[in-house]
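Survey of secondary and tertiary structure
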Amino acid sequence: KRGIPSLVIVRDPLEAVPSFIVRDRIDYKRALNLYVDFYGQIVEIICDRIIIVPFQDVIGDFTYVAKTLNERFNISIAEAGYHEANAQIKTDGAVWNDFDSGGDRLSLSLPTKEKDEQKKQVLDSILQDPVCGEALARAQKIYKHLMCIF
């Protein structure tokens with residue numbers, strides 16, 4: 001509405017929703033509905049001042065993301081140093097995780113083996129639950145639409 005350049009990070013619901021459920025311990029259907037509500041609103045307001053970026057690009061190569069933002073909006077976000085920052089985050093991850101989680105291994109920000117195992121179980125439950133099927137189908141449709149815009 002205000003014409004402010006914006007970056008929307010989009011993650012596949014099959015990855016985002018289980019991660020959200022494990023971290024915040026919310027109900028499957030609620031997590032799916034929140035995904036649909038949030039990204040559904042993004043679909044409705046897509047304009048030339050919004051860039052859609054896949055989650056993997058943001059965590060994998062933010063230099064590319066910064067360059068894209070700079071080119072699209074004629075701004076000057078520093079494009080250097082992100083690889084070093086990512087390496088530092090991985091090095092300091094254990095310290096941050098301990099600080100961020102309050103000792104709760106499942107509510108950590110960065111990936112852990114325990115979270116990955118729990119997310120697999122959650123995803124299996126979602127895929128087998130017919131009640132979640134409709135919300136998951138809507139979430140996947142929105143995700144695919146947003147990725148076409150990207």
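Description of the structure in this document. (Residues numbered from 1 in each chain as written. Predicted model: local features only at pLDDT ≥ 70, side-chain atom pairs only at ≥ 80, totals over all residues. Heavy atoms only, no water.)

Another aspect to go through is helix α1 (residues 13-24). The terminal C-alpha atoms of α1 lie 15 Å apart, and with 12 residues this matches the ideal 16 Å at 1.5 Å per residue to within 8%. For α1, every residue scored as buried is listed here: Pro13, Ala16, Val17, Pro18, Ser19, Ile21 and Val22. Residues of α1 that are buried in the fold lie against α2 (28-45), α6 (113-128) and α7 (130-149). The N-capping residue of α1, defined by a side-chain oxygen 2.8 Å from the backbone nitrogen of leucine 14, is aspartate 12. (Helix = DSSP H or I, 4+ residues; strand = E, 2+ residues; numbered from the N terminus. Expected span 1.5 Å × (residues − 1). Buried < 20%, exposed > 50% of the residue type's maximum accessible area, 1.4 Å probe, protein only. Contact = heavy atoms within 4.5 Å. Polar contact = N/O pair within 3.5 Å; in protein donor to acceptor, adjacent residues only side chain to side chain.)

In this structure the tally under the stated criterion is 2 aromatic pairs. Where tyrosine 35 meets tyrosine 39, the ring centres are 4.6 Å apart and the plane angle is 50°; that geometry is what we call tilted. Highlighted residues: tyrosine 35 and tyrosine 39, both in helix α2, separated by 4 residues, approximately one helical turn. You'll find tyrosine 35 and tyrosine 39 in the same group, each marked buried. Its guanidinium or amino end placed over the ring of phenylalanine 55, arginine 11 lies 4.3 Å from that ring's centre, counting from NZ or CZ. (Phe/Tyr/Trp six-rings, centres within 6.5 Å; stacked < 30°, edge-to-face > 60°. Lys NZ or Arg CZ within 6 Å of the ring centre and 35° of its normal.)

Function-wise, these values are silent; they only describe arrangement.
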